[in-house]
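Tertiary structure, described
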Amino acid sequence: NVSVTLWGHAYGQPYHTVSAPTMTDAMGDYSFSVDPGTNMVYQARTTFRPPATRHSAQLFEGVSDLVSATPSSTSSTVGGSVTFTGTVSPDKAGHVVYLQREAGNGQYYNVEERYVKADSTFTFGYTFGYPGSHTFRVRIIGGPYDLGGVSQPMTINVTQPPVGQLPTSPTP
């Protein structure tokens, strides 16, 4: 039955109260509900100061960006192109986003970069050089205010173009 208050701070800011006081139960348990918009560090502190303020350990709560992306098609041919469009939330206008392709080792590598537009959207175009199954995602890097984010993987199946669409060889 001790009154505790949740304190918190964002990167570079001082601690401040982020909740109304609540009472611990007979076991000393308590809980708070928060919905941060940026990364936060929290600490529960006793509300009243009976000889000294007691406090919990610091708790870091990271906030991820939501990245959604959609390909214009899930199939293409060698020499063909697919456009990837999407959004980032919360607003990240002016931030760099990366179109990444998965390599055979399971790692993703940057293949294009763009800036998020004023309306939080982005667009990438990619032209395929060889057949096979190609998996892509879009990534935005985090910083002190958020953790960044990645879209769901998108697989594009690329085939050779039909024989009638192949370039002809020059005649001697």
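These remarks concern the structure in this document. Only a predicted model underlies this, so the values are computations on that prediction, with no experimental measurement involved. What you see as residue numbers is a count from 1 along each chain, following the sequence as written. For this predicted model, a pLDDT threshold of at least 70 governs which residues receive local features, and a threshold of 80 or more governs which side-chain atom pairs are given and counted, while totals over whole chains, interfaces and linings are taken from all residues. With hydrogens and water set aside, each side-chain value is computed from the structure's full complement of heavy atoms.

**A look at the overall build of the chain**
For clarity, the threshold we go by: Every helix listed is a DSSP run of H or I at least four residues long, and every strand listed is a run of E at least two residues long, numbered separately from the N terminus. Radius of gyration here is computed from C-alpha atoms only, and the compact-globule reference equals 2.2 Å multiplied by the residue count raised to the power 0.38. Only protein chains enter the accessibility calculation, which uses a 1.4 Å probe. A residue is then buried if its area is under 20% of the maximum for its type, exposed if over 50%, and partly exposed in between. Two residues form a contact once any of their heavy atoms are found within 4.5 Å. In short, Shrake-Rupley with a 1.4 Å probe defines the accessible areas, and a residue's cover is counted only from the protein chains shown. A residue counts as positive if it is Lys or Arg and as negative if it is Asp or Glu; His and the chain ends are not included. Charged side chains are reduced to one point each, which is NZ for Lys, CZ for Arg, CG for Asp and CD for Glu.
Along the backbone of the chain there are zero helices and 14 strands. Counted from the first residue to the last, the chain has its helices and strands arranged as β-β-β-β-β-β-β-β-β-β-β-β-β-β. A compact globule built from 172 residues should have a C-alpha radius of gyration of about 16 Å, whereas the chain, at 25 Å, is more than 25% larger. Here the C-alpha coordinates of the chain stretch approximately 100 × 35 × 20 Å along the principal axes. Put simply, the chain has 172 residues, and 31% of those count as buried. Considering only contacts within the chain whose residues lie at least 6 apart along the sequence, 55% involve residues at least 24 apart. Within the structure as shown, the chain displays about 10,600 Å² of accessible surface, and the carbon and sulfur contribution to it stands at 54%. Taking the 9 positively charged and 11 negatively charged side chains of the chain as two groups, their mean positions are separated by 5 Å.

**Some points on the pairing of strand β4 (residues 40–46)**
Selection rule: A pair of strands is considered paired only if DSSP assigns at least 2 bridges between the two.
With seven of seven residues buried, β4 lies mostly within the body of the structure. When strand β1 (residues 3–9) meets β4, the two strands line up antiparallel, connected through six bridges. By the bridge assignment, histidine 9 is partnered in β4 with valine 41. Direction of pairing for β4 relative to strand β5 (residues 59–61): antiparallel, over a ladder of three bridges.

**Some thoughts on the pattern of salt bridges**
We count it as follows: A side-chain nitrogen of Lys or Arg and a carboxyl oxygen of Asp or Glu constitute a salt bridge if their distance falls within 4 Å.
The final tally for this structure, using the stated rule, is three salt bridges. Of the charged contacts in the structure, one is a salt bridge between lysine 92 and aspartate 65, with a shortest N-O distance of 3.4 Å. Taken together, the residues span a long stretch of sequence, with lysine 92 in the loop between β8 (81–89) and β9 (96–102) and aspartate 65 in the loop between β5 and β6 (66–71) at a distance of 27 residues. Taking the relative accessible area as the measure of exposure, lysine 92 reaches 11% and is therefore buried. A salt bridge links aspartate 146 to lysine 92; the shortest N-O distance between them is 2.4 Å. Placement of the pair is aspartate 146 in the loop between β12 (132–141) and β13 (148–150) and lysine 92 in the loop between β8 and β9, with a sequence separation of 54 residues. Of the two residues, aspartate 146 and lysine 92, both sit in the buried class.

**Notes on the sheet that holds β6**
Counted only if it meets this: Angles run from 0 to 180 degrees between N-to-C directions of axes, and those axes are lines fitted to C-alpha atoms, restricted for helices to the stretch in contact.
Taken together, the three strands give an open sheet; going across it, the order is β6-β8-β11, and neighbouring strands pair in antiparallel fashion. For this open sheet the edge positions go to β6 and β11 (121–127), each flanked by a neighbour on one side alone. Averaged over all neighbouring strand pairs, the angle between strand axes comes to 20°, with direction disregarded. In this sheet, β8 lies alongside β6 in antiparallel orientation, the contact comprising six bridges. By the bridge assignment, proline 71 is partnered in β8 with phenylalanine 84.

**With respect to the side chain of serine 120**
What counts here: Identification of polar contacts relies on pairs of N or O atoms within 3.5 Å, with a donor-acceptor requirement for protein atoms, meaning one able to donate a hydrogen and the other able to accept it, and with residues adjacent in sequence counted only if both atoms are side-chain atoms.
For serine 120, the position within the fold is in the loop between β10 (108–115) and β11. A distance of 2.7 Å separates polar atoms of two side chains, one belonging to serine 120 and the other to aspartate 91.

**Quick look at the packing of aromatic side chains**
Heads up, the rule is: Pairing of aromatic rings covers Phe, Tyr and Trp, the last counted by its six-membered ring, and requires centre-to-centre distances within 6.5 Å; plane angles under 30 degrees mean stacked, over 60 mean edge-to-face, and any other angle means tilted.
Overall, the coordinates contain six aromatic pairs when judged by the stated rule. Relative to phenylalanine 32, the ring of tyrosine 30 has its centre 5.7 Å away and its plane inclined at 65°; by these criteria the two rings are edge-to-face. The partly exposed category is assigned to tyrosine 30, whose relative accessible area is 37%. Seen from their ring centres, tyrosine 126 and phenylalanine 128 are 5.1 Å apart, and the 70° between their planes marks the pair as edge-to-face. You'll find tyrosine 126 and phenylalanine 128 in the same group, each marked buried. Members of the aromatic cluster, connected to one another through ring pairs, are Phe84, Tyr126, Phe128 and Phe136.

Honestly, it's all geometry; don't read function into it.
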